[in-house]
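Now for the letters of each chain:
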Amino acid sequence: MDLRRVLWLIHLGMIIFVGWQGVMAMQAADLVTYLRDVSGRTASYLLLGTLLFAPLSRLWPRLRLYIKVRRYLGLWGFCMVLIHVIVWVSLEFAFDWSLMWQEVNDNLFIWLGLVALILLLPMAVTSNNKAVRRLGFRRWQGLHSVAYLIVPLSLGHYFMAQKVASGEPIVLLLVLLLLMFWRFKYAD
Amino acid sequence: MPIKSSDITPEVLFRQRRRMLGIGLASLSLPLAGSWFGDTEELNNNIDNVTPGAIVQPELKATELKIINSYNNYYEFGFSKEAPSGAEKTLITSPWSVEVGGIGADKPGIYDIAELHGEYGIENHIRRFRCVEAWSMVVPWNGIALAKVIKAAQPNSKAKYVRFETLHDEQQMPNANWAGGPYIEGLTIAEAIHPLAMLATGIYDKPLEQQTGAPVRLVVPWKYGFKYAKSIVRIDLVERMPRNTWWRQNPNEYGFYANVNPQFDHPRWSQATERVVGGFGRQKTLLFNGYADEVAYLYPDLGDRRYFY
């Protein structure tokens, strides 16, 4: 399939998904928790998805033609992270910065999320061709290998926020482990 | 079944009714002398200094029934907050009986819910509800004083603790075996006879729905929500501290007492603040969930972490 068509489908799919989740949130018992959790969970899927490209294109070299999909998965993931953080700051904490700071300090899992967010910012800003040219491919690639730090931090954040060791973040973490193994064992 | 908005008692009306019932609240008298059970080691058994009037809380704004009935933890029906709402399709709550017994009960018995209501009368209490996951609600419970049921079982000197057991039925509960057996909770006898402890059978003057623990559940407002055992089938007066389900599941994170304390964090998250479900922003969590004046005397050392997880 034509790359442009694939990208178009991804954007359309994400826009429909966001709209649909908005409707679901209005019906949820707790709007704030719903928005906070669904955006966080979607972000972890998308960010983990970006790491799938390297190993999968080894299996299926044609995938390299679609490498741009990775960029947009990452950017949509960042978009979900932004929603996650905005919901947390505004709806959950009503801009009470001292209370937020206290929560961050009391919760290791929020620290993990915060570090992941900070690392994600430069990646999001440089997710365009101009930045690749300006930085030079090598440096750009170096900067973007931070993804291998961001994804474990995000998934750790998700895992630790649960009351019980629940299935979903564990599955995601296992996928991540497998990916890491594959990535580094068969590195070029 | 979706709840029609017409089914929900408008809050103003509800408050008025509550006010009328206010006498009932204030007369929350305790016909107990702390002496029937002998001493529960280290724990203060003297309940004479409880002032029932202080427990009435007209200032609390009750959470909407629709929210109370759709945001639940009931793992026997699934791990999500929404899953328990489907419980009404499978869990049959009538007829239902509660067996009261155990080594510490001289007069064991089997009661059905109507019988309990008829015998002890319904009390109405608006209470804060604080989940260990750091969210909260305010729930207008209807039910009976737990102390009355315990007293009827005639506790002897072996009655040091009370053990509560939830229905365990794979036919009626799709996730019945999540913890490997029935859901168990426990209280010390002194906690169980405290006037704040009740067996709830309704919310907003309507019978409990399956997802909120129908037909009868424990309510202990100064403790975290997981102590509020749901759909209770057995209450035993026992000599040894029961190992409650969450304690057994994860002893590093959950214990027996689980009293609310903003100073003692969960190993993975803070308990300093809480989200009020259905609202915006967070509020500070209170020691013993705001019931410190009533219950703090039960615990000799408030610096002891054991009491707070």
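These lines cover the structure that appears in this document, whether it is placed above or below. Just so it is clear, the model here is predicted, and its values are computed rather than measured.

1. Details of the interface of chain A and chain B
The interface is formed by 23 residues belonging to chain A together with 24 residues belonging to chain B. Where chain A abuts chain B, roughly 1900 Å² becomes buried across the two surfaces, and 56% of that area is made up of carbon and sulfur atoms. Counting every contact that joins chain A to chain B gives 2 salt bridges. Ionic pairing is found between arginine 275 of chain B and aspartate 30 of chain A, a salt bridge with its closest N-O pair at 2.6 Å. Counting across the interface, chain A meets chain B through 10 residue pairs in polar contact (both at pLDDT 80 or more). Counting residues per element, the ones that place at least two in the side of chain A that touches chain B are α2 (31-51), α4 (67-92), α5 (97-106), α6 (108-125) and α9 (147-160) of chain A.

2. Considerations on the packing of aromatic side chains
All names here are of chain B. The full count for this structure, using the stated rule, is 27 aromatic pairs over all chains. Aromatic pair phenylalanine 256 and tyrosine 257: ring centres 5.1 Å apart, planes at 90°, arrangement edge-to-face. Ring centres of phenylalanine 264 and phenylalanine 308 lie 5.2 Å apart, and the angle between their planes is 10°; on these two criteria the pair is classed as stacked. Residue phenylalanine 264 is located in the loop between α7 (245-249) and β11 (273-276), and its partner phenylalanine 308 is located in the segment after α8 (292-295); the two are separated by 44 residues in the primary sequence. A residue is classified by how much of its surface remains accessible, and phenylalanine 264, at 19% relative accessible area, is buried. Taken together, Tyr161, Trp247, Phe256, Tyr257, Phe264, Phe288, Tyr299, Tyr307 and Phe308 form an aromatic cluster joined through their ring pairs. For the cation-ring pair, lysine 81 lies above tyrosine 71, with the distance from its terminal atom to the ring centre recorded as 5.6 Å. Of note, arginine 306 hangs over the ring of tyrosine 307, and the distance from its end group to the ring centre comes to 5.2 Å.

Rules behind the numbers
- Each residue is numbered by its place in its chain's sequence as written, counting from 1.
- Following the order in which they are written, the chains are lettered starting with A and the ligands numbered starting with 1.
- Only residues with pLDDT of at least 70 get local features here, since the model is predicted, and only at 80 or more are side-chain atom pairs given and counted; chain-wide, interface and lining totals rely on the full set of residues.
- Neither water nor hydrogens contribute to the side-chain values; these are computed over all heavy atoms in the structure.
- By definition in these notes, contact holds between two residues if any of their heavy atoms fall within 4.5 Å.
- Throughout, buried area stands for the accessible area (probe radius 1.4 Å) lost by two parts on being put together, summed over both.
- We define a salt bridge as a contact between a side-chain nitrogen of Lys or Arg and a carboxyl oxygen of Asp or Glu at a distance within 4 Å.
- Identification of polar contacts relies on pairs of N or O atoms within 3.5 Å, with a donor-acceptor requirement for protein atoms, meaning one able to donate a hydrogen and the other able to accept it, and with residues adjacent in sequence counted only if both atoms are side-chain atoms.
- Counting from the N terminus, the helices are the DSSP runs of H or I reaching at least four residues and the strands are the DSSP runs of E reaching at least two.
- Note on aromatic pairs: the rings of Phe, Tyr and Trp (six-membered ring only in Trp) are paired at centre separations within 6.5 Å, and the planes decide the class, stacked below 30 degrees, edge-to-face beyond 60, tilted for the rest.
- Relative accessibility thresholds used throughout: buried, under 20% of the residue-type maximum; exposed, over 50%; partly exposed, between the two (1.4 Å probe, protein chains only).
- Lysine NZ or arginine CZ positioned within 6 Å of the ring centre and within 35 degrees of the ring normal marks a charge as sitting over the ring.

Honestly, it's all geometry; don't read function into it.
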